[in-house]
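Chain by chain, the residues:
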Amino acid sequence: MTSSTTGLASTAPAALAAPKSWLNDFVLLAAIWGSSFLFMRISTVEFGPLPTAAVRVAIAALFLLPIVWLRGLLPELKKNWKKTFFIGLLNSGIPFACFSFALLSITTGLSAIMNATVPMFGALVAWLWLKDKPNASRVLGLVVGFAGVAMLAWDKATFKPDASGVAPGWAVLACLLACICYGISASYTKRYLSGLPPLVTAAGSQIGATLGLALPALWLWPARMPGTSAWLALLAVGVLCTGLAYILFFRLIENAGPQRALSVTFVVPVFAVLYGALFLGETVTPWMMLCAAVIVCGTALSTGLLKLQRAQQPKP
């Protein structure tokens, strides 16, 4: 998921379309973003984390830039290039590298469940930075959500390298760092990029992430040329899971409203777990599902999607 769009969501039209007109987009977007963890897992084994992230954003930038040009938005991109390039590092460059690193030692399902905390971190950053003080229900959601993360990470809290050479504890911390970056980028976007066409932010962010990751990726480029499957996985995650997903998400915001669009984050782990089990033979444990339920409930409360009802006082 790309959380710079969280800030953009607040500027979307308020009108909602009939459910049938947006439901297909909702399910399709969840399925696409769920597959991104599978594709990153396949590619990072051969490319390494930083090259995987760099090639992904480069492909997305090459895909989005012609669309910006065809829609006559290049002047807007040139005018706001500094801010959009910077948000690209926070919203794409660092998080994609973190998740690619994490996927070397933890499952795609676990990383996707961690990613479901993005709206929760967004609410926390908005509280601390934008002074968007949450009510009691949202504070409870933050507590519940972080408790779910602690439960999920507890059995992975070892910093001894496994067969992959990466300790699961570092992988979990990398996922959390990615989610924090998403949360910061959401508040930054809301504060400094409100009103900017979403496609401009999307394209500019991918260009910025590409420039930021280019030199480290070249320095760490694998000595042996990756195979065809790794290249195809990167092509899929760049075009499908980044470029096309951006466009689909913005359309969902317009047709269903920001709250419904943001709730797609909760469905993404379902598809990620399914893909991991089917294509990678990953094991899904009852404990993982329990922790996922706790995290989703906490995130839904912290973002205001769920609200606790106050008991009404009886009239005298």
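Here we summarise the structure given alongside this text. (Residues numbered from 1 in each chain as written. Predicted model: local features only at pLDDT ≥ 70, side-chain atom pairs only at ≥ 80, totals over all residues. Heavy atoms only, no water.)

**Concerning helix H8 (residues 136–154)**
Helical geometry: 3.6 residues make up each α-helical turn, so side chains three or four residues apart lie on a common side. Its 19 residues place the ends of H8 27 Å apart at the C-alpha level, agreeing with the 27 Å of an ideal helix rising 1.5 Å per residue. When we look at burial in H8, the residues that qualify are Ser-137, Arg-138, Gly-141, Leu-142, Gly-145, Gly-148, Val-149, Leu-152 and Ala-153. When H8 is viewed along its axis, its buried side chains cluster within an angular range of 145° and face the same direction. For H8, the exposed residues set more than 90 degrees away from the buried face come down to Ala-136, Val-143 and Trp-154. Summarising the contacts, the buried residues of H8 are in contact with helix H6 (108–115), helix H7 (118–129), helix H9 (168–192) and helix H14 (286–302). (Helix = DSSP H or I, 4+ residues; strand = E, 2+ residues; numbered from the N terminus. Expected span 1.5 Å × (residues − 1). Buried < 20%, exposed > 50% of the residue type's maximum accessible area, 1.4 Å probe, protein only. Arc of directions from axis to C-beta. Contact = heavy atoms within 4.5 Å.)

**Focus: the nonpolar core**
Residues Leu-29, Trp-33, Phe-37, Phe-99, Met-114, Leu-152 and Val-264 are the most contacted members of the largest nonpolar core, which totals 84 residues. Among the elements that line this core, the one with the most residues is helix H11 (residues 228–256), at 13 residues. (Core = buried A, V, L, I, M, F, W, Y, C linked by side-chain atoms within 4.5 Å.)

**Considerations on the environment of Gly-212**
Within the secondary structure, Gly-212 sits in helix H10 (residues 198–219). Between the C-alpha atom of Gly-212 and that of Gly-88, which follows or precedes it by 124 residues, the distance is 8.6 Å.

**Digging into the environment of Leu-152**
Residue placement: Leu-152 occurs in helix H8. If sequence neighbours within four positions are ignored, Leu-152 has contacts with Leu-110, Ile-113, Met-114, Trp-287, Met-288, Cys-291 and Ile-295.

Read these as spatial facts, not as claims about activity.
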